[in-house]
Amino acid sequence: MKSKKLLVISMLLISMLNLLSCGENQTKDNSATADKLSGSIKIDGSSTVYPITEAVAEEFRAVQSEVQITIGVSGTGGGFKKFGRGETDISNASRLIKDSEKELCKENNINYIGLEIAYDGMAVIMSPENDWVDHLTVEELKKIWQPEAQDKIKKWNQIRPNWPDKEIHLFGPGTASGTYDYFTEAIVGKSGSSRGDYTASEDDNVLVQGIKNDKYSLGFFGLAYYEENKDILKLVPIDNGKGAVLPSEATVIDGTYAPLSRPIYIYVNQTAVSRPEVVAFVNFYLNEVKTLAKEVGYIPMQDAEYDESKKIFSTFVETHKTTK
Amino acid sequence: MTNIQLNRAKDKMFATWGVVSTFFGIILLAVFIIFILYDGLPRLSWQFLVSLPSRKPENAGVYTAMMGTIWILGLTLLFALPLGIAAAVYLEEYIPKGKFATILEINISNLAGVPSIIYGLLGLQLFARTMKFGGNLLAGSFTLSLLILPIIIVATREAIRAVPSSIKDASFALGATKWQTIWLQVLPSAFGGIMTGLILALSRAVGEAAPLIVVGALAYVPFAPKSPMDEYSVLPIQIFNWISRPQHGFVVNAAAAIIILLVITFTMNAIAVFLRNKHQKKTN
């Protein structure tokens, strides 16, 4: 009995050792490119931008396997706190840097540049059984979501009289998320200001299930989650005064799907660009993000815009070199 | 007559309630595990264990997160065990009885109930910033050590208290010093209980994500840590990250990673039970 248990334990140990060695082999396999760079790049910030940066880092690893890139998900605000202390080289951000965060960078003598990398569309979603909503105007969305609506706007027929006399069930991301901040800013006019009596979840997949199972539901979240759940959800066209528009790659890029789409960014620390691996990574990022962003569910910008970003970045690198 | 019947009925009701209560938890757990196995088992493979994180769910694996978890567990054990045992021995054998001892005891019990995120914030300020560790394994495992210290101390004290006083008396009667008695008699007799407490504490630590995110564990780490100064990710963070992705494939990956985490926890619990049984046989 005893020896059997010992055997099991030692087998476990052996398999763990195997694992260790296997992983090392794997990292060695990929090293076969010229012009080797090494070093490490620390990235943190928005969880919205994370999938794109992860995809870029994964591809970069295939060309420069010795550069160790790590990515955290502290959120845009948390990421900028680390960035402003000089703890990270690149910060993922789903909004522009705030004044208080600029101050922090100034205090620690950190210069930086922000680069737009893609668009994130926001989708307003209802149940597929909803057959009365053909579109919503920005005004109507505001009427539903503003703080004053709490305990007052409770039924669909309060929005348009010919809609059903049924309770409206609202779903949305939690107040800590960047998506919530952006939605409230775009719709209500003030970031972080909305009614509180809606079903909130930090996990967008929970929102998907909630909206799907409730005929009288209405909610919003990132377009990528709609794309993955097309068959069980219904998209609401949004009218900003120029006609109702459905979110899509085309309408986000040409700006007609407004105001519910936003650019997302990466911020690069100036001192970091004196390291060739960081410059190589950012250039790789700007070259590859167009295809990769699309692959992970975001909307890429146009070629001209990426060319512009590349120009801005190379000027940034050059000026830094001359000032040094 | 009616009184007797009433009491019997009450008796039966309570027994039924007991059965329902017992099975409530077990059935919930079983349903949960069945769902996880159903979703995750087909995804489990050697490839999944040795692959790096990826944007494609079918290529992604848990290798670096699992290695991070193993490192964190090992280091936490290394820091928490000597501290915990020494503190427990002091509290049980050396501390003068009085107000000071009572206050200390109450505080240690209270520490066991502090939410883990608070330990994360403490670790961030103390280890990551003040002591300048940054977000490496050392800061993470120090933080988790603090988190599980109260549990180890309480368990070790219980184990020491369970050592029959006749053993101690005999040791003293033979002229052994207090230290000799503790080192050669008390601790070996309490070994099973200490190990049980330790492993249950580590099982708690292995599932923690919140305090580690705060002290700087990362989501994407394409290499296994090679030293305590390296950056890392752990399984709970990997699971959390996958669950919140839109692509269904990541949810399946999360289920598979949960199975691995459960296997680690169950294995550790099994070792705890094994050590306790072995120890009990020895003392009988």
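It should be emphasised that the depicted structure is a prediction, and the values quoted were computed from it without experimental measurement. (Residues numbered from 1 in each chain as written. Chains lettered and ligands numbered in written order. Predicted model: local features only at pLDDT ≥ 70, side-chain atom pairs only at ≥ 80, totals over all residues. Heavy atoms only, no water.)

Engineer: Got a minute to help me understand the overall build of chain B in this structure?
Structural biologist: Counting its regular elements, chain B contains eleven helices and zero strands. Secondary structure of chain B in N-to-C order comes out as α-α-α-α-α-α-α-α-α-α-α. Dimensions of chain B, computed from the C-alpha atoms along their principal axes, are close to 70 × 70 × 35 Å. Within the span of chain B, comprising 284 residues, buried residues form 47% of the whole. When contacts within chain B are restricted to residue pairs at least 6 apart in sequence, long-range pairs at least 24 apart make up 74% of them. If you sum the accessible surface of chain B, you get close to 14,500 Å²; carbon and sulfur atoms cover 71% of it. Counting 21 positive and 11 negative side-chain charges, chain B places the averaged centre of each group 2 Å from the other. (Helix = DSSP H or I, 4+ residues; strand = E, 2+ residues; numbered from the N terminus. Buried < 20%, exposed > 50% of the residue type's maximum accessible area, 1.4 Å probe, protein only. Contact = heavy atoms within 4.5 Å. Areas by Shrake-Rupley, 256 points an atom, 1.4 Å probe, with all protein chains shown as cover. Lys, Arg positive; Asp, Glu negative; His and termini not counted. Charge placed at Lys NZ, Arg CZ, Asp CG, Glu CD.)

Engineer: Any chance you could explain the domain arrangement of chain A here in plain terms?
Structural biologist: Frequently, the measure chosen for interface size is the accessible area removed from exposure when the parts meet. Residue and element names in this part refer to chain A. The domain boundaries assigned to chain A delineate domain 1 (36-119 + 264-323) and domain 2 (121-261). Across the contact, eight residues belong to domain 1 and eight residues belong to domain 2. Ranking the residues of domain 1 by area buried against domain 2 places Tyr119, Gly297 and Ile299 at the top, with a combined share of 57%. The interface formed by domain 1 and domain 2 includes one salt bridge. Among the ionic pairs, glutamate 249 bridges to lysine 294, the shortest N-O distance being 3.3 Å. Scanning the region where domain 1 abuts domain 2 turns up one residue pair in polar contact (both at pLDDT 80 or more). (Domains from an automatic or database assignment. Buried area = accessible area lost by both parts, 1.4 Å probe. Salt bridge = Lys/Arg side-chain N within 4 Å of Asp/Glu carboxyl O. Polar contact = N/O pair within 3.5 Å; in protein donor to acceptor, adjacent residues only side chain to side chain.)

Engineer: How should the interface of chain B and chain A be read in this particular structure?
Structural biologist: Counting from both sides, the interface comprises 33 residues of chain B and, opposite them, 38 residues of chain A. Summed over both sides, the interface between chain B and chain A buries roughly 3,300 Å², with carbon and sulfur atoms accounting for 58% of that surface. When the buried surface of chain B facing chain A is broken down by residue, Arg55, Tyr220 and Pro246 of chain B rank first, second and third, together holding 24% of it. In this structure, glutamate 87 of chain A and arginine 129 of chain B form a salt bridge, with 3.5 Å as the shortest nitrogen-oxygen distance.

Engineer: Sorry if this is basic, but what is going on with the pattern of salt bridges here?
Structural biologist: A side chain of one charge can pair with a side chain of the opposite charge when the charged atoms of the two come close. Under the criterion given, the structure shown has 24 salt bridges over all chains. Of the charged contacts, one joins arginine 55 of chain B and glutamate 59 of chain A as a salt bridge, the two residues approaching to 2.9 Å between their closest N and O atoms. Separated into two different chains, arginine 55 of chain B in the loop between α2 (46-50) and α3 (63-94) and glutamate 59 of chain A in helix α2 (residues 50-63) make up a pair that spans both. Put simply, glutamate 140 of chain A and arginine 160 of chain A hold a salt bridge, and the shortest N to O gap is 2.6 Å. With glutamate 140 of chain A in helix α5 (residues 138-145) and arginine 160 of chain A in the loop between α5 and β6 (169-173), this pair connects stretches of sequence that are 20 residues apart. Look at arginine 160 of chain A and you get buried, because its relative accessible area is 18%.

Engineer: When you look at the sheet that holds strand β5 (residues 136-137) of chain A in this model, what are you seeing that I'm missing?
Structural biologist: The strands making up a sheet associate through hydrogen bonds between their backbones, and the pairing can be parallel or antiparallel. Residues and elements named next belong to chain A. If you walk across this open sheet you meet the three strands as β5-β10-β11, and the pairing is mixed. One side of each edge strand has no neighbouring strand; the edge strands of this open sheet are β5 and β11 (244-245). As judged from the two bridges shared by strand β10 (residues 238-239) and β11, these two strands associate in the antiparallel manner. Across the sheet, residue aspartate 239 finds its bridge partner in β11, namely alanine 244. (Pairing = 2+ DSSP bridges.)

Engineer: Looking at this model, I keep getting lost on the environment of alanine 86 of chain B. Mind explaining?
Structural biologist: Among the secondary structure elements, alanine 86 of chain B is positioned in helix α3. Between the alpha carbons of alanine 86 of chain B and serine 109 of chain B there is a distance of 17 Å; along the sequence they are 23 residues apart.

Engineer: Help me understand the packing of aromatic side chains in this model?
Structural biologist: How two aromatic rings sit relative to each other is set out by the distance from centre to centre and by the angle between their planes. Throughout the structure, instances matching the rule amount to 23 aromatic pairs over all chains. One aromatic cluster is present, built from ring pairs that chain together Phe80, Phe83, Tyr112, Tyr265 and Tyr267 of chain A. Geometry around tyrosine 94 of chain B places lysine 178 of chain B over its ring, the cationic atom sitting 4.6 Å from the centre. The aromatic ring of phenylalanine 250 of chain B is capped on one face by arginine 245 of chain B, whose charged end is 4.5 Å from the ring centroid. (Phe/Tyr/Trp six-rings, centres within 6.5 Å; stacked < 30°, edge-to-face > 60°. Lys NZ or Arg CZ within 6 Å of the ring centre and 35° of its normal.)

Engineer: Explanation requested: the nonpolar core in the structure shown.
Structural biologist: The nonpolar side chains of soluble globular proteins are, as a tendency, buried together. If you look at the biggest cluster of nonpolar residues, it comprises 87 residues, and the most contacted ones within it are Ile52, Leu218, Phe281 and Phe313 of chain A. Viewed by domain, this core spans two of them, domain 1 (36-119 + 264-323) and domain 2 (121-261) of chain A, each represented by three or more residues. Among all residues touching isoleucine 52 of chain A, those that are not within four sequence positions of it are Ile117, Ala118, Ile264, Tyr285, Val289, Ala293, Val296 and Tyr298 of chain A. By size, the runner-up hydrophobic cluster in this structure holds 51 residues, among which are Leu49, Leu124, Ile199 and Leu212 of chain B. (Core = buried A, V, L, I, M, F, W, Y, C linked by side-chain atoms within 4.5 Å.)

Engineer: Please explain a nonpolar patch on the surface as it appears in this structure.
Structural biologist: All names here are of chain B. The grouping of Val19, Phe23, Ile26, Ile27, Val31 and Phe35 at the surface amounts to a nonpolar patch, some 570 Å² of accessible area in total. Structurally, valine 19 can be placed in helix α1 (residues 2-40). On the accessibility criterion, valine 19 (46% relative accessible area) is partly exposed. (Patch = residues over 30% accessible without salt bridge, like charges linked within 9 Å, V, L, I, M, F, W, Y side chains within 5 Å.)

Engineer: Explain the packing of α3 of chain B against helix α6 (residues 137-161) of chain B to me, please; I cannot follow it from the model alone.
Structural biologist: Helix-helix packing is described using two parameters, namely the angle between the two axes and the distance between the axes. Residues and elements named next belong to chain B. Two elements in contact, α3 and α6, have axes whose closest approach is 6 Å; the angle formed by their N-to-C orientations is 40°. Compared by their axis directions, α3 and α6 come out oblique. When the axes of α3 and α6 are compared, the crossing they make is right-handed. Across the contact of α3 with α6, the residue classes break down as 20 nonpolar, seven polar and four charged. (Axes fitted to C-alpha atoms, helices over the stretch in contact; angles between N-to-C directions. Parallel < 35°, antiparallel > 145°, perpendicular 65-115°, else oblique. Left-handed = near helix turned anticlockwise from the far one by under 90°. Nonpolar A, V, L, I, M, F, W, Y, C, P; charged D, E, K, R; others polar.)

Engineer: Even after reading the chapter, I still don't get the pairing of strand β2 (residues 67-71) of chain A, so can you show me in this structure?
Structural biologist: Two faces make up the sheet, and in a regular strand the side chains alternate between them. Residue and element names in this part refer to chain A. β2 sits mainly inside the fold: four of its five residues count as buried. Pairing of strand β1 (residues 39-45) with β2 involves five bridges; the strand directions are parallel. Residue pairing in the sheet places lysine 42 in a bridge with threonine 70 of β2.

Engineer: What is the right way to look at the environment of glycine 121 of chain A in this model?
Structural biologist: Residues and elements named next belong to chain A. Note on placement: glycine 121 falls in strand β4 (residues 112-126). Judged by relative accessible area, which is 3%, glycine 121 ranks as buried. What glycine 121 contacts, discounting residues up to four positions off in sequence, is Phe221, Gly222, Leu223, Leu260 and Ser261.

Engineer: Honestly, helix α3 (residues 75-84) of chain A in this entry has me stumped. Any pointers?
Structural biologist: Structurally, the α-helix is built with 3.6 residues per turn, so residues lying three or four positions apart point the same way. Residues and elements named next belong to chain A. In terms of burial, α3 is largely enclosed, as seven of its ten residues are buried. Those residues of α3 not exposed but buried are Gly75, Thr76, Gly79, Phe80, Lys82, Phe83 and Gly84. Those residues of α3 hidden inside the fold are in contact with β1, β3 (90-93), α4 (99-107), β4 and β12 (261-269).

Engineer: Quick question: what am I supposed to make of the confidence of the model for chain B here?
Structural biologist: When pLDDT drops low, the exact placement of atoms in the prediction is not to be read closely. Taken over all residues, the pLDDT of chain B has a mean of 90, while the share at 70 or more is 99%. Here the predicted complex scores 0.81 on pTM and 0.79 on ipTM. (pLDDT = per-residue confidence, 0-100.)

Engineer: Got a minute to help me understand the environment of proline 51 of chain A in this structure?
Structural biologist: Relative to the helices and strands, proline 51 of chain A resides in helix α2. Placed 104 residues apart in sequence, proline 51 of chain A and lysine 155 of chain A show a C-alpha to C-alpha distance of 37 Å. Apart from residues no more than four positions distant in its own chain, proline 51 of chain A is found in contact with Val296 and Tyr298 of chain A together with Arg245 of chain B.

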